[in-house]
Amino acid sequence: MSEYPYEGKIHGDDKVNYSTVYSSDGIRIGKVEAAFAKSFIVKNEMKNREVKYEIPRLDIVSIISGSITLKLKKKEIDQKYETSSINKL
């Protein structure tokens, strides 16, 4: 079994892979870690914390040059789509 939980589930040629994700108010949410048919996982690593979001593709406004802009503001994304938050030591 792989240490990477999304192995075998990621579409390698998907244009959202490895993109940087931004909220509608211009705040960086993180980078796409995995892309699925209806959603994608975004990971944001900070100094002392790691946050992950599962965001529906329907919330994408645009994909331009490796950047994804979403319909929602940062606060709304945190409330609706944050799936995990881990404090690092």
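Our structure's up above, just so we're on the same page.
Rules behind the numbers
Residues numbered from 1 in each chain as written. Predicted model: local features only at pLDDT ≥ 70, side-chain atom pairs only at ≥ 80, totals over all residues. Heavy atoms only, no water. Pairing = 2+ DSSP bridges. Helix = DSSP H or I, 4+ residues; strand = E, 2+ residues; numbered from the N terminus. Axes fitted to C-alpha atoms, helices over the stretch in contact; angles between N-to-C directions. Contact = heavy atoms within 4.5 Å.

K.L.:
Pulling in residues and values, what's your account of the sheet that holds strand β3 (residues 39-45)?
P.N.:
One open sheet holds the seven strands; their spatial order is β5-β6-β1-β2-β3-β4-β7, and the pairing between them is mixed. At either margin of the open sheet sits one strand with a lone partner, and together these are β5 (60-64) and β7 (82-87). Looking at each pair of strands side by side, their axes are set apart by 25° on average, direction ignored. In this structure, β5 lies alongside strand β6 (residues 67-70), joined through four bridges in antiparallel fashion. Its bridge partner lying in β6, Ile60 is registered against Leu70. Most of the contacts of helix α1 (residues 74-81) go to strand β4 (residues 49-56), to which it runs at about 85°, and overall it touches β2 (28-35), β4, β6 and β7.

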